[in-house]
Amino acid sequence: MKIRLPDYRAIRSALAAISGDVSHDAVGANAPTLDDIYAPETHAAALDPRTPIVVGPRGTGKSFWAGVLGDPETRDAAAKAYPTLGIETVDVRFGFTGLGGPGGIGTEALDACLGDNPTSEDAKNFWRATILSASQNPSRPSDLPTLFRGASDWTARERVLVESEKALRAEHRTLLIVYDALDTVASTWPRRRRMTEALLEVVWAMRAYRAIRLKLFLRPDQLEDDALRFVELPKLRAGAVKLEWWPTDLYGLLYARLALTPDSAARGAFGGILRLHGVEEADRVTILSRTWALTHAEPQQRAVMGSISGRFMAAGTFGYKKGNTYDWPLAHLADAFNEVTPRSFLGLIIAAAKHGTQPQDKVVTPDGIRHGLRAASKTRVDQLHQEFPWIKAVLAPLAGLLLPQDDTRVFKAWRQAKTIALIQSDAKNNGYLPPFPPSEESGEEEALFHALERIGVMFRRRDSRLDMPDLFRVAAKLLKKGGTAPLEG
């Protein structure tokens, strides 16, 4: 069977039409819908009601899965995708979402209960109040500040929870209380540590209940903060589940988007490519249940990518030396922990489909894929800036440096630009968390590097030189021999 130019054009149009904004909130207008759900097998443990802590950097799906669990319709789809977890017997309410509104508890509610420097007991009572709020009878609700004021009465608190526990067991149900956007609980290091430590203590104490369970979606740097002193923290860390996307998961997500595209011409054209490689077409059920070959079978995934983009990143006899088109995006989109997020991956493919003119014998070109890296890099840094408002000020003085580089050159660039003083002042004026606390024992530039290291933006090579993954390097305009050229302008 021969794939014709109109087929390539239709698939290219469908790829370009995929929404580049795949970010979600647990509640509100940006909560996930049924059409958004793709369920990698590796995420089953993250949705297990018995798993109290799920960790993942920005873009891996923490708020997505929190939102899926929080809505009955999407939760039902998750129960079908992961039938052994017992999600169908779970009732979900939110303990914290960063946003208010129906079903959510946001930072305004937190600030109404606590000051800038809460005591450890006040912090624990706030989290206890969120559990009481989720456990209470909906027909006789109390507002969160009222519950907070009463949360210190442990006998009254235990009475409410025991009654709720008995009712849930009688109905063979589980109440799952979900916490998301926990990086928004503070704009200072002392408060963040106090709130995080208090929440983890409360999570540990809730082991006494079988039918009331807590699930936290946390950033890795928040859980791994060395200043946390809760004695049982190592056990909680050991039991945490990491949200990961394997290469087959990312390509499965891409192919699922094509298989379910509302563009009938593109769907038919993609079906032609599938038949060319002996792969059956898919519907939502086979994708959700992961019985479709392209959700997990790497050889078929590679073959289909070859039809979409050609096999190699260059033409001619020696084109293979530039890498193959299946592996190249994964290698260049990885952060310092060798992790690739679906946002970056889809962003690269979407940008590649919009770049240049339509080729005669494929959907996207190697030049388009390289352009896609530049677009994905800019988007990733922009997204990172929303989470860490200091990131661009840290990267800007490094523009033009050739990597890998001795740390003395990197630290000198920051000193000359007075980067740390500017960030500390801006963080104070605009109420966000600076990259490291003032009490950091190591030198300030070294502490700044460690802050970048913790979030996967920089790393130290075995020869002690500092380096940066292409995912950030390209947008930050650093140089690398043989690497993709930085963004211009």
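Structure first, text after, so check above.
What comes next concerns the included structure.

Parameters at a glance
- Residues numbered from 1 in each chain as written.
- Predicted model: local features only at pLDDT ≥ 70, side-chain atom pairs only at ≥ 80, totals over all residues.
- Heavy atoms only, no water.
- Salt bridge = Lys/Arg side-chain N within 4 Å of Asp/Glu carboxyl O.
- Helix = DSSP H or I, 4+ residues; strand = E, 2+ residues; numbered from the N terminus.
- Buried < 20%, exposed > 50% of the residue type's maximum accessible area, 1.4 Å probe, protein only.
- Axes fitted to C-alpha atoms, helices over the stretch in contact; angles between N-to-C directions.
- Parallel < 35°, antiparallel > 145°, perpendicular 65-115°, else oblique.
- Contact = heavy atoms within 4.5 Å.
- Nonpolar A, V, L, I, M, F, W, Y, C, P; charged D, E, K, R; others polar.
- Lys, Arg positive; Asp, Glu negative; His and termini not counted.
- Polar contact = N/O pair within 3.5 Å; in protein donor to acceptor, adjacent residues only side chain to side chain.
- Pairing = 2+ DSSP bridges.
- Right-handed = clockwise from strand over helix to strand, strands pointing away.
- Phe/Tyr/Trp six-rings, centres within 6.5 Å; stacked < 30°, edge-to-face > 60°.
- Lys NZ or Arg CZ within 6 Å of the ring centre and 35° of its normal.

## As for the pattern of salt bridges
Part 1 of the argument: On inspection of all chains with the given rule, the structure shows 32 salt bridges.
Part 2 of the argument: Across the salt bridge formed by Arg-193 and Asp-225, the nearest N and O atoms sit 2.6 Å from each other. In this pair, Arg-193 sits in helix α9 (residues 189-205) while Asp-225 sits in the loop between α10 (220-223) and α11 (233-239), placing the two residues 32 residues apart along the sequence.
Part 3 of the argument: Since its relative accessible area comes to 8%, Asp-225 is described here as buried.

## Considerations on the packing of helix α3 (residues 62-70) against helix α4 (residues 72-81)
Part 1 of the argument: Interhelical geometry of α3 versus α4 gives an angle of 105° and a closest axis separation of 5 Å. Considering their axes alone, α3 and α4 lie roughly perpendicular with respect to each other. Counting all contacts with α3, which are made through Gly-67, Val-68, Leu-69 and Gly-70, the residues of α4 involved are Pro-72, Thr-74, Arg-75 and Ala-78.
Part 2 of the argument: A class-by-class count of the residues in the contact of α3 with α4 yields 4 nonpolar, 3 polar and 1 charged.

## Some points on the side chain of Asp-335
Part 1 of the argument: Its place among the elements puts Asp-335 in the loop between α16 (327-333) and α17 (342-354).
Part 2 of the argument: It turns out Asp-335 is buried and unbridged, and the closest side chain with the opposite charge, Arg-380, is 5.5 Å from it.
Part 3 of the argument: Separated by 2.8 Å, the side chain of Asp-335 and the backbone nitrogen of Phe-337 make a polar contact.
Part 4 of the argument: In contact with Asp-335, not counting residues within four places along its chain, are Gly-456, Pro-469, Leu-471 and Phe-472.

## So, the pairing of strand β4 (residues 212-218)
Part 1 of the argument: Burial analysis of β4 places 6 of its 7 residues in the buried class, which makes it a mostly covered element.
Part 2 of the argument: Pairing of strand β1 (residues 53-55) with β4 involves 3 bridges; the strand directions are parallel. By the bridge assignment, Val-55 is partnered in β4 with Leu-218.
Part 3 of the argument: Taken together, strand β3 (residues 174-179), α9 and β4 constitute a β-α-β crossover, and its handedness is right-handed.

## Examining the packing of aromatic side chains
Part 1 of the argument: Overall, the coordinates contain 12 aromatic pairs when judged by the stated rule.
Part 2 of the argument: Taking the centre distance of 6.0 Å and the plane angle of 40° together, the rings of Tyr-251 and Tyr-255 count as tilted. One end of the pair, Tyr-251, and the other, Tyr-255, are both in helix α12 (residues 247-259), 4 residues apart, so they sit about a helical turn from each other. For the pair Tyr-251 and Tyr-255, a shared accessibility class is recorded, and that class is buried.
Part 3 of the argument: On the numbers, 6.5 Å between centres and 70° between planes, the contact of Phe-312 with Tyr-320 is edge-to-face.
Part 4 of the argument: Look at Phe-312 and you get partly exposed, because its relative accessible area is 29%.
Part 5 of the argument: Here a set of aromatic residues connected by ring pairs shows up, and it is made of Tyr-251, Tyr-255, Phe-270, Tyr-326 and Phe-345.
Part 6 of the argument: It is Arg-207 that lies over the ring of Trp-204; its NZ or CZ is 3.9 Å from the centre.

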